Amino acid sequence: MAVTKEFLKAEREQSWRVDIRGLMKNKDRTGLARVHMGEVNPDERILSNIEVNKGLEADEAVNEARRCLDCPDPTCISGCPVEINIPKFIKRIEQNEFLEAAKVLKETSALPAVCGRVCPQEKQCEAKCFYQLKLKKEPVAIGHLERFAADFERESGKMSVPDVAAGNGIKVGVIGSGPAGLTFAGDMAKLGYDVTVFEALHEIGGVLKYGIPEFRLPNQIVDVEIDILRKMGVKFENNFIVGRTANIEDLKEEGYQAFFTGSGAGLPRFMNIPGENYIGILSSNEYLTRVNLMDAANPKTDTPVVSGKNVAVIGGGNTAMDSVRTAKRLGADRAMIIYRRSMDEMPARVEEIKHAQEEGIEFLNLCNPVEYFADETGRVNRMKVQKMELGEPDSSGRRRPVPMEGSEYDIDVDTVVVSVGVSPNPLIPNSLPQLETTKWGTIVVDEEKLQSSIPEMFAGGDIVRGGATVILAMGDGRNAAASMHTYLQEKLNS
Amino acid sequence: MNEIIEKEFFSENVVRLEIKAPRIAKARRAGHFVIVKVGETGERIPLTIASANPHKGTITLVIQRVGVSSRRIAELNVGDEITDLVGPLGEATHIENFGTVLACGGGVGVAPLLPIVEALKKAGNKVITVIAARNKDLIILEDQIKEYSDEVIVMTDDGSYGEKGLVTDAMEKVLQREKVDLSVVIGPAIMMKFAALTTRKYEVPTYASLNTIMVDGTGMCGACRITVGGKTKFVCIDGPEFDAHQVDFDEMLLRLGGYKEIEKQAEQEYLQTKEKK
Ligand SMILES: Cc1cc2nc3c(=O)[nH]c(=O)nc-3n(C[C@H](O)[C@H](O)[C@H](O)COP(=O)(O)OP(=O)(O)OC[C@H]3O[C@@H](n4cnc5c(N)ncnc54)[C@H](O)[C@@H]3O)c2cc1C
Ligand SMILES: Cc1cc2nc3c(=O)[nH]c(=O)nc-3n(C[C@H](O)[C@H](O)[C@H](O)COP(=O)(O)OP(=O)(O)OC[C@H]3O[C@@H](n4cnc5c(N)ncnc54)[C@H](O)[C@@H]3O)c2cc1C
Ligand code: SF4
Ligand code: SF4
Ligand code: FES
C-alpha cells in the first residue's frame, strides 16, 4: 500500500490543513525550540521498573506540533517503514483533535503506542525531517508526538475498535504473537477472516512482553492492543507450539487455509570462549525473560533470578542496554557495558544510551571478553578482557574491531549477561523440510508478497530479517496480510 | 483446559497425575517432556511425559516433590486445572531393535524411563531394567516396569527392599554376565555420571536423559546448556538425551546448583506460609 505523492498532496489541500498552516508563519514555526519529554530522575527510577519517559502534556504536544512545517514534500514519511502520514497526524495535534490524530496513526500502524516508544526515530522518520536535512536543526519530535496521540486515545477510554468486515469463514493461522503476528492478525480480522494466533509461551506479545522491559514499554500498553484484537474476533491460543503441539498438516486438516509465520529470532548466541558455561553467565534472553516474563525480581513469584553486584553485559544493542539497565534496577553496584566497537558504532537507540549513562552505567568500549574464571562452586568471579582498536570497515560498513596484542586485563564480576545477537527460531523450518531457508536459518520469502516457497505459508518479521525492529516486523505483517488476501481470493475464484 | 482427572501417591513425595491434554497426548513420543506452570506467579518447570493415552486424550506425569514448584503441582487435586502446560518438547528417543538393552532409573528417574522401556520392549529388544532408590518407599512404578522388562533388578541404598547397593553395582553384575548392546540411564546427575563411567569400561554405548534447569524449554534462553563432546548444547532442543560418555557431568552438576540458595530459602518461606494457613 504505497502512499502516492498525489494522494498526499490531495490530503494536504484539505481545507482544515490549509487553515492550520495559515495560523503561523514558517519563520515563527522554525524559531520554536524542540520540546523535551519529562523523565523520572535517574536516582529515583533505578529503584523500580517505573517508565522512564513521562510522555508529553497536551500543551507541550501542541507546541511541538506547531514546529512541523507540513512540508509540500514530506520527506519524513519516506523514513518511516510503514509510511505513517506524519504531517497529517501532527497537524491534527496542532488542531487539538487528538483522537483524530490517533486515527491517522491507525491508518497504517497497528501499535502506535508501542512504536512511539521503541522506534529508533533518530535513524528513521526524524532523520528524514526537513529540520534535520535542510535546516540542520533538531527534527520535529515525531516519536514523542506519536506516543502522545496514542496514549491520549487509550487514556480517553474512547479507543475505537476498527470496523471488521462480515466473516468470510476462511480460517487462517498465525504462528507467533510478536508485532509481526499481531499486526497480521489485526489486518486479516478487518478483512473478515477467522484468525487464530498460536503462541509458544504462556503470554501473548513476543519480544514486547518477554524482552523489552517495563521501564521502556509497560506491559499494560501491549495488553490493551491485544484486547482490541480480541474484540475484533482474533482468537489466541497460548502454550501452543506449532510444529510440536500440532504441526501444519494437522492444522490444515482442521480447516486452516493459509499461515503467517512471525516466529521471531529468539535463539541466543554465545561467544564460545573458555568458561562461558559457569554459573552466573547467562544470555540476555534468559535474564530478561526471568525478569520481564516471569517477574522474577518480585518476591511473590517462584522464579529466581541472580542479581549480582558487579554485572557485565556483553554487547551494544538494545538488548544489551535493556539488560544492563535491568541489572542496575536489581541492585548492581557496578553495571557495565562491554562493547567491542566505540560509542559511535553502538546499534542501540540513542535515547537508551543516554538514559543508561544518566543511570550510572559504565561503558567499557573497544573491549572484548576472552575468558571467564570461577570460584570452587563454579560461580563466575572474574573475566579477562582484551582491548580493541578500529580497523577497516567490514561488510556492514562499520569499522572492524581488531584485538590489541598484550592489552588483556581482568575485571571482577559476579554476573555476566551475554547479548551478542540472536538467531532465527528453527522450529518452523525444522518441521517443514520443503520450506526454503537461507544459510542463516531465516525463511526465504518473495520480497513484495512475503510468500515463502510453500504457497500457503507467508512469513515476516525477525524470522525473515534476522534481528530487526518492531516497526519493520509490523510492516511485514501488514504487507503479508494484503498479499495473503489476494492469494486466497484468487484461489477461491479460480 | 489441562484438567487433572486422576491422582495417586506412589510415596509421600512422589505423585502421579493424569491430565487432560488431547493434543499433547496425540503428538508425544517416548522421551518427550512438557513445561508446566502452576498459578499466575508460578515457575515454568520441565516434567517428562511418563505415559499417554491418545484415545482418552490424557498424559501422565510423575512428580517428585523437591522444592516449591514441584510441591505446587503435587498439591493439585482431581478437578483442578494446571494453569499452563506446553509440549511435547525435546527430541524423542531413538528407538530400534538394538538387541540387549540395560535400562537404569534412579529415584524419580524411573518415571521418564518407563516410556522408553516400553518402546524398547515393543521394538523387540531384550530389556533388563535396574530401578534404584534410597529406600523401599522411594521405589516407584515397579509393576509397570516389570510389564515391559525381561528382567528387573531392584536396588536400595539401605537394603530395605531388593538388593542393597547402588545402581552401578547392579549394572556391573549384568555387564559382566552378558553382552549388552545399549544402555539408557536416567536419574540424578551424580548417578548418571557414575553409570556412564561404568558402561564406558565395558564400551557399551549409553544414553543419559539430562534434567537441567530450564525456563522456556524451546531453545530461547540457554539456561539448560551443557557441554557434550566439548560443544555447548541446549538440553531442551538438542536433548534431553545425549551420549552419556561425552557429557561433562561435573559442569552439569555445578550448573544445577546455580539457584540452590535462593531455592532453599524460597522453600522454607513457602512451608512457613503454609503452616500459618
Ligand atoms: C531486549 C530487546 C529489546 C529490543 N528493543 C527494540 C527497540 O527498542 N526498538 C525496536 O524497534 N526493536 C527492538 N527490539 C527488536 C524487536 O523487538 C524485534 O525486531 C521484534 O519484536 C520482532 O518481531 P516478530 O513479530 O518478528 O517476533 P517476536 O517479537 O520475536 O515474536 C515471535 C513470537 O513467536 C513465538 N514463537 C516462535 N516459534 C513459535 C512456534 N513454533 N509456535 C508458536 N509460537 C512461536 C515466540 O515465542 C515469540 O513470542 C528489541 C529486541 C529485544 C530482544
Ligand atoms: C527434561 C526434564 C525432565 C524432567 N522430568 C521430571 C519428572 O518426570 N519428574 C520429576 O519429578 N522431575 C523431573 N524433572 C526435574 C524437575 O524439573 C525439577 O525437579 C523441578 O524443576 C524442581 O523444581 P522445584 O521448584 O520444585 O525445586 P527447586 O526449588 O528448583 O529445587 C529444589 C532442589 O532440587 C534440585 N533440582 C532443581 N532442579 C533439578 C533438576 N532439574 N534435577 C535434579 N535436581 C534438581 C535443586 O538443586 C534443589 O536442591 C525433569 C527435568 C528435566 C530437565
Ligand atoms: S512508526 Fe516509527 S518510524 Fe514511523 S513515524 Fe512512528 S516513530 Fe517514526
Ligand atoms: S519533514 Fe519534518 S517538518 Fe516536514 S512535514 Fe515532516 S515532520 Fe513536518
Ligand atoms: S530451557 Fe531455555 S533454552 Fe533450553
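Figured I'd write up the structure that's included with this text.

At the junction of G87 of chain B and P88 of chain B, the peptide bond is cis and its omega measures out at -5 degrees in the coordinates. Position of P88 of chain B relative to the elements: it lies in strand β7 (residues 84-89). Phi is positive for K136 of chain A, close to 55 degrees, though the residue is something other than glycine. Among the secondary structure elements, K136 of chain A is positioned in the loop between α10 (130-135) and α11 (142-156). Backbone geometry places L450 of chain A, a non-glycine residue, at a positive phi of 60 degrees. Here L450 of chain A lies in the loop between α19 (427-431) and β16 (457-459). Assessed through its relative accessible area of 5%, L450 of chain A is described here as buried.

Residue and element names in this part refer to chain A. Close to ligand 1 lie 35 residues, the nearest being V118, A180, E199, R216 and D462. Contact between ligand 1 and V242: a nitrogen atom at 3.0 Å from a main-chain N or O atom of the residue. Between ligand 1 and V470 there is a distance of 3.0 Å, counted from an oxygen atom to a backbone nitrogen or oxygen. When ligand 1 sits alone it has 1000 Å² of accessible area, and the protein chains cover 96% of it. Of all the secondary-structure elements, those providing two or more residues to the shell around ligand 1 are α12 (179-190), α17 (318-329) and α21 (470-493). If one sorts the elements of the shell around ligand 1 by residue count, α17 sits on top with three residues. Of the residues in the shell around ligand 1, the class split is 17 nonpolar, 13 polar and five charged.

Residue and element names in this part refer to chain A. With twelve residues, α12 ought to run about 16 Å at 1.5 Å a step, and its terminal C-alpha atoms sit 17 Å apart, in line with that. Burial analysis of α12 places eleven of its twelve residues in the buried class, the great majority of the element. When we look at burial in α12, the residues that qualify are P179, A180, G181, L182, T183, F184, A185, G186, D187, M188 and A189. Count one or two residues on from α12 and you reach G192, which has phi positive near 95 degrees.

Quick notes on the rules
Residues numbered from 1 in each chain as written. Chains lettered and ligands numbered in written order. Predicted model: local features only at pLDDT ≥ 70, side-chain atom pairs only at ≥ 80, totals over all residues. Heavy atoms only, no water. Helix = DSSP H or I, 4+ residues; strand = E, 2+ residues; numbered from the N terminus. Buried < 20%, exposed > 50% of the residue type's maximum accessible area, 1.4 Å probe, protein only. Near = heavy atom within 4 Å. Polar contact = N/O pair within 3.5 Å; in protein donor to acceptor, adjacent residues only side chain to side chain. Areas by Shrake-Rupley, 256 points an atom, 1.4 Å probe, with all protein chains shown as cover. Nonpolar A, V, L, I, M, F, W, Y, C, P; charged D, E, K, R; others polar. Expected span 1.5 Å × (residues − 1).

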